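Breakdown of the fold
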Amino acid sequence: NAGVTQTPKFQVLKTGQSMTLQCAQDMNHNSMYWYRQDPGMGLRLIYYSASEGTTDKGEVPNGYNVSRLNKREFSLRLESAAPSQTSVYFCASSGLAANEQYFGPGTRLTVT
Amino acid sequence: GEDVEQSLFLSVREGDSSVINCTYTDSSSTYLYWYKQEPGAGLQLLTYIFSNMDMKQDQRLTVLLNKKDKHLSLRIADTQTGDSAIYFCAESMFSGYSTLTFGKGTMLLVSP
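In what follows, the accompanying structure is described. (Residues numbered from 1 in each chain as written. Chains lettered and ligands numbered in written order. Predicted model: local features only at pLDDT ≥ 70, side-chain atom pairs only at ≥ 80, totals over all residues. Heavy atoms only, no water.)

1. Concerning the state of the cysteines
One pass over the structure, following the stated rule, counts two disulfides over all chains. Bridging C23 of chain A to C91 of chain A, the disulfide has an S-S length of 1.8 Å. Around the S-S axis, the bridge from C23 of chain A to C91 of chain A shows a dihedral of about -75° and counts as left-handed. With C23 of chain A in strand β3 (residues 19–25) and C91 of chain A in strand β9 (residues 87–94), this residue pair connects regions lying 68 residues apart in the sequence. C91 of chain A carries the same exposure label as C23 of chain A, and that label is buried. For C22 of chain B, the disulfide goes to C89 of chain B, at an S-S distance of 2.0 Å. An S-S torsion of about -65° defines the bridge between C22 of chain B and C89 of chain B as left-handed. Of this pair, C22 of chain B sits in strand β3 (residues 18–24) while C89 of chain B sits in strand β9 (residues 85–92), and the two are 67 residues apart along the sequence. The two residues C22 of chain B and C89 of chain B agree in class, both being buried. (Disulfide = S-S within 2.5 Å. Helix = DSSP H or I, 4+ residues; strand = E, 2+ residues; numbered from the N terminus. Buried < 20%, exposed > 50% of the residue type's maximum accessible area, 1.4 Å probe, protein only.)

The following block contains the structure:
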């Protein structure tokens, strides 16, 4: 099993450009999440999807949109990238009673 | 609101025990988790404890939960240089599905 996969691993954007970060899981989990990790800030939840067909805002949703394409895939879109969105982005999924979340390897995004 | 606090840094010698501490504010927390993050990698779930338990042991890892003081600790016995990483404490409000609230992480440095 691959677990949670993310593409791309690295990306450099110019201010104002758009891009979509892809995430897929093969564990048949219902719930999926997008976090960003910044130095000294820990992990902050951007958006989540409790189940296929639903999405909800987390702590820091501004400047992002998400799509739960199917049960396996959950994408994060930056419509107009800003330098403040320079970060490491992690996707996670969960589907068990203890709500353990399993993380992907991350996408390192730099916006210049 | 929910808040999870951790000390930022811990340094130990190889072979010693490490104890990483965490405090949380929400007494409704159902599950508490420990994650490990190695440089350049995603978060790896180490262990979790249900709120009605006081202790959980898993090989070199011991988790202690003091629900009265809202204090969680992770003890690593016989710490190795490969244990050097950032350790995150997290809490979850409900079973089944819930978002997690993470602490900012404790960097553990193990010297030979």
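2. Focus: the interface of chain A and chain B
The partner chain B presents 22 residues to the 23 residues of chain A that form the contact. A buried area of about 1,700 Å², summed over both sides, lies between chain A and chain B, and 57% of it is on carbon and sulfur atoms. Broken down residue by residue, the surface that chain A buries against chain B is led by A98, N99 and F103 of chain A, which jointly contribute 27%. For the pair chain A and chain B, the interface holds zero salt bridges. When contributions to the side of chain A that touches chain B are tallied by element, the ones reaching two or more residues are β4 (31–38), β5 (42–49) and β10 (102–103) of chain A. Per-class residue counts for the side of chain A that touches chain B are 14 nonpolar, seven polar and two charged. (Contact = heavy atoms within 4.5 Å. Buried area = accessible area lost by both parts, 1.4 Å probe. Salt bridge = Lys/Arg side-chain N within 4 Å of Asp/Glu carboxyl O. Nonpolar A, V, L, I, M, F, W, Y, C, P; charged D, E, K, R; others polar.)

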